[in-house]
There are 2 protein chains.
Amino acid sequence: MTAERIELSYRIAASDANQAAETARRIAYEQSVELPDDVLTDIIRNSILGRVLEVKPADTDSPKQDDASAFFDARISFSTGFLSQEWELSQFLNLLFGNISLFRGVQLTGVEWDALPVDMLPGPAFGCSGVRAHHGITTQRALSCTALKPVGLSADDLARHCYHFALGGIDIIKDDHGLADQASAPFDARLEKCVAAIQRAADETGRASAYYPNITADGEETLHRYEMAAEAGAGGVLMSPQLTGLSMLRRLRNHEAKLPIMAHPAFSGAYVQPGYGFTPELYYGELWRGLGADFIIYPNAGGRFSFSREACQRINESCRKPIRDWAGCFPTPGGGVQRESLPGLLEDYGPDTVFLIGGSLYQHPAGITEGSREFAEMLVSDEF
Amino acid sequence: MTAERIELSYRIAASDANQAAETARRIAYEQSVELPDDVLTDIIRNSILGRVLEVKPADTDSPKQDDASAFFDARISFSTGFLSQEWELSQFLNLLFGNISLFRGVQLTGVEWDALPVDMLPGPAFGCSGVRAHHGITTQRALSCTALKPVGLSADDLARHCYHFALGGIDIIKDDHGLADQASAPFDARLEKCVAAIQRAADETGRASAYYPNITADGEETLHRYEMAAEAGAGGVLMSPQLTGLSMLRRLRNHEAKLPIMAHPAFSGAYVQPGYGFTPELYYGELWRGLGADFIIYPNAGGRFSFSREACQRINESCRKPIRDWAGCFPTPGGGVQRESLPGLLEDYGPDTVFLIGGSLYQHPAGITEGSREFAEMLVSDEF
């Protein structure tokens, strides 16, 4: 069942209420008819044209930008007749932020998901509980994750790292998102050797880690690598939705060769700039989750990027909060996770979290395996 | 022949030279090894790791942002071994602006295209002279373009608009980028009726306009609509690279069913924000042209968006300037083009320009055909 209209919410930077109302009006026209009012027929004006439902001062202390002195919240409804018959994502993204991507000071803060057909945004195929079951993790603990690096190593060298991480008990060992199909470590060789390394470690420890190769590629090749990963016995896959195109995420989610999907934010930062684009919690925790991501990697506070701890918590919440019948997915904070900071993060972020830790395991004075063991044991001992 | 390294140029917002140097260093690490220096082997450090070649104060009067008090220009070189063996665009975009999309105050200003293999970025299949030949335009004049709108009209109503524009002598009549495959005017019906409308007008006037349907869709469906457009006799196609994924632009460009490609900036504004992402001239005039766009639509100064006249001129120049053996493509400014402003624009922008004019033709007191005739004649009379 699809509603006739869908409501979208925006945060608008403006000098005063009049300017905010004018911006809301411009959004309504720009994102629907793209014509001056005087040439619209009554039928078009009453059906397709966006409708400004409300513009009010925002309750926020966000820093002001440019010549804007205040923020306003607007709600605008659009006809679902604006969307394609087949519910194409391209046209949906166009409705959300097509031409207004060329505006400044406009940020999408909410989407009325219930107005859309269920098939359009199916949510994660696994979700948190599905991933736990898939990997045989029977307790409600947080998961450990690390990345094979750097680009330039051979498939053998990367597989050796993989083996050492697995010996240390890391739950998920993913490729660095920069590992594609370089001559130094071609995708197929890397896949085969890393899966074998995981198995070798499991034979020794009796406990299996999962390897997630990066399948990000152009067009159908992403799908092909997904199938290769499933056939080879990988535990899941890593992909960067903004590099493959967002519709590929949903295609993988609906593919019969089911593997959990970890989504990486490479190239996506443009859509979550301060006061512009989408709020990070809407983009990652709602849109990407709705498309089928089982894990959302995001740059953790205190790391190399600029998200605040509060912003991270909002992403965490949006990954798990009830939306339609979507399964909750794992927020996967990367960066800023150290031995010292982990206990506090565990307490704040909770057990439905995957902690991605990279550099500091490579730097561990006792080596990768020992560093990994320390990290993994901290999560296991902190079972909730 | 591919070079061993590729040089990228950045504009960095920073408080002082030391901070700028530190940001350049962070970019070099983040976009290559993503590891702290102390765990790199000499081989990796000397091969894959990005190399900061230069950081110097920028010669610019751009407005300052946040707490940055100055701009700096940096040049960093990366190993082409970081790219995939098949020269995948996904991995190339990842190198250009993957993780650093999550930074702030970093803008890519230049790419050393010559370092890349020719097939990777083939440039336009038609270019300006190819488009003129394809459409039988024998003089070196600027071209006229308009858009069929709004979404919500039936295919018959849109075809009627198309007929009236064609009677008035508009060179290229494209779909609004919001026309996808809505129930109100499905793609196949719209294509058939608009091509027929063009033909009907041509039978009357003896001069054929070209219809460019919007083929933007998810995945392979874009390709399918491209083929349908070619079979039906469309003059070219419209597509939004940021909605299809950028690699689709190159696939269309290399497709055997050759039609000129007009690229629309929907959803792309996030990558050309002030002081962030890419300069518009690099993104549109170089990257999109390199991928195969024959026309680059951009928001003209004085219209509904925020590009300055100088920024528009920089895009115009980048569409035409010599880069490798790429054909020059048509800058296609949309918005802000009126009867009164056209002579000045013609003089400034020159004959290798397509002027996209929408709303004001619909508003013309004497009707669409008369408004179109006036517009088209101004371009023809101004032949250079």
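Residues numbered from 1 in each chain as written. Chains lettered and ligands numbered in written order. Predicted model: local features only at pLDDT ≥ 70, side-chain atom pairs only at ≥ 80, totals over all residues. Heavy atoms only, no water.

Caption draft 1: Summary view of the sheet that holds strand S2 (residues 51-57) of chain B. Residues and elements named next belong to chain B. In spatial order, the strands read S2-S3-S1-S4-S10; together these five strands make up an open sheet with mixed pairing. The open sheet has two edge strands with one neighbour each: S2 and strand S10 (277-278). In this structure, strand S1 (residues 5-14) lies alongside strand S4 (residues 106-111), joined through five bridges in antiparallel fashion. Pairing of Tyr 10 across the sheet is with Leu 108, part of S4. (Pairing = 2+ DSSP bridges. Helix = DSSP H or I, 4+ residues; strand = E, 2+ residues; numbered from the N terminus.)

Caption draft 2: Geometry of the interface of chain A and chain B. Contacts between the two partners involve 76 residues from chain A, matched on the other side by 76 residues from chain B. Taken over both partners, the interface formed by chain A and chain B buries close to 6,200 Å², and the fraction arising from carbon and sulfur atoms is 56%. Of all residues in chain A, Leu 102, Asp 218 and Phe 267 of chain A give up the largest surface area on contact with chain B, accounting jointly for 12% of the area buried on that side. The interface formed by chain A and chain B includes seven salt bridges. Only helix H1 (17-30), helix H3 (89-97), helix H7 (221-232), helix H8 (241-244), helix H9 (246-253), helix H10 (280-291) and helix H13 (359-362) of chain A provide two or more residues apiece to the side of chain A that touches chain B. Its residues placed into classes, the side of chain A that touches chain B shows 36 nonpolar, 24 polar and 16 charged. (Contact = heavy atoms within 4.5 Å. Buried area = accessible area lost by both parts, 1.4 Å probe. Salt bridge = Lys/Arg side-chain N within 4 Å of Asp/Glu carboxyl O. Nonpolar A, V, L, I, M, F, W, Y, C, P; charged D, E, K, R; others polar.)

Caption draft 3: Highlighting helix H5 (residues 155-167) of chain A. Residues and elements named next belong to chain A. Between its first and last C-alpha atoms H5 spans 18 Å; for 13 residues at 1.5 Å apiece the expected length is 18 Å, and the two agree. By the burial criterion, the buried members of H5 are Ala 155, Leu 158, Ala 159, His 161, Cys 162, Tyr 163, Phe 165, Ala 166 and Leu 167. The elements touched by buried residues of H5 are strand S5 (143-148), strand S6 (172-175), helix H6 (187-205), strand S7 (210-212), H13 and helix H14 (368-381). Residue Gly 169 follows H5 closely and has a positive phi angle near 90°. (Expected span 1.5 Å × (residues − 1). Buried < 20%, exposed > 50% of the residue type's maximum accessible area, 1.4 Å probe, protein only.)

Caption draft 4: The pattern of salt bridges, seen in detail. Counted under the stated rule, the structure contains 43 salt bridges over all chains. Among the salt bridges present, the one from Asp 73 of chain A reaches Arg 11 of chain A, with a minimum N-O distance of 2.7 Å. Placement of the pair is Asp 73 of chain A in strand S3 (residues 70-79) and Arg 11 of chain A in strand S1 (residues 5-14), with a sequence separation of 62 residues. For the pair Asp 73 of chain A and Arg 11 of chain A, a shared accessibility class is recorded, and that class is buried. Glu 370 of chain A serves as the salt-bridge partner of Arg 373 of chain A, at 3.1 Å between the closest nitrogen and oxygen. Within this pair, Arg 373 of chain A and its partner Glu 370 of chain A are both found in helix H14, separated by three residues, close to a single helical turn. On the basis of relative accessibility, which here comes to 31%, the residue Arg 373 of chain A falls in the partly exposed class. Several salt bridges converge on common partners, so that one network encompasses Glu 86 and Glu 88 of chain A together with Asp 181, Glu 221 and Arg 225 of chain B.

Caption draft 5: Spotlight on the environment of Ser 77 of chain B. All names here are of chain B. Within the secondary structure, Ser 77 sits in strand S3 (residues 70-79). Here Ser 77 falls in the buried class, since its relative accessible area comes to 6%. Leave out the neighbours within four places in its chain, and Ser 77 touches Arg 5, Ile 6, Glu 7, Leu 49, Gly 50, Arg 51 and Leu 53. One polar contact links Ser 77 to Arg 5, side chain to side chain, over a distance of 2.8 Å. (Polar contact = N/O pair within 3.5 Å; in protein donor to acceptor, adjacent residues only side chain to side chain.)

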